[in-house]
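A structural walkthrough
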Amino acid sequence: KHSIPSIPMIFLIRSSFREPLRVHFLLDGRILSWSSDEFLRLWANDGGPLAQLEGHTKTVKGVHLFPDGRILSWSDDTTLRLWANDGRPLTLLEGH
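Our subject in this report is the structure included herewith. (Residues numbered from 1 in each chain as written. Predicted model: local features only at pLDDT ≥ 70, side-chain atom pairs only at ≥ 80, totals over all residues. Heavy atoms only, no water.)

What about the side chain of Arg81?
Among the secondary structure elements, Arg81 is positioned in strand 7 (residues 80–83). Look at Arg81: it is buried, it has no salt bridge, and the nearest opposite charge is Asp77 at 4.9 Å. Side-chain polar atoms of Arg81 contact the backbone oxygen of Gly55, separated by 2.9 Å. (Helix = DSSP H or I, 4+ residues; strand = E, 2+ residues; numbered from the N terminus. Buried < 20%, exposed > 50% of the residue type's maximum accessible area, 1.4 Å probe, protein only. Lys, Arg positive; Asp, Glu negative; His and termini not counted. Salt bridge = Lys/Arg side-chain N within 4 Å of Asp/Glu carboxyl O. Polar contact = N/O pair within 3.5 Å; in protein donor to acceptor, adjacent residues only side chain to side chain.)

The following block contains the structure:
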């Protein structure tokens, strides 16, 4: 008989999102999350909130993480947004 080892939970992020949370783990240990709203959120590696990335007006559909830490997000609002690694907005790309 094999036993399955217990793994302790490091932290829990609670939210009121309507659909499952999507997450990316950044190379520096921070967490980027988004769900069915128009925001992305940055979390510290201990689960504490760092920043809410605001700008999209409809559901965020996905993100791409660049090696230098920048974040590209796209949304049902037909925009792409480029963010600095600390969550500051850098560029808005419209018309897609």
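Some points on the sheet that holds strand 7
Spatially, the 4 strands line up as an open sheet ordered 5-6-7-8, and their pairing is antiparallel. If you trace the sheet from one side to the other, it starts and ends with strand 5 (60–65) and strand 8 (89–93), each paired once. Neighbour to neighbour, the strand axes of the sheet diverge by 20 degrees on average, direction disregarded. (Pairing = 2+ DSSP bridges. Axes fitted to C-alpha atoms, helices over the stretch in contact; angles between N-to-C directions.)

Re the pattern of salt bridges
Within the structure shown, the criterion is met by 4 salt bridges. For Arg70, the salt bridge goes to Asp68, with nearest N and O atoms at 2.9 Å. Of the residues examined, Arg70 reaches a relative accessible area of 30% and is grouped as partly exposed.

Things to note about the side chain of Arg41
Looking at where Arg41 falls in the secondary structure, it is placed in strand 3 (residues 40–43). A distance of 3.1 Å separates polar atoms of two side chains, one belonging to Arg41 and the other to Asp37.

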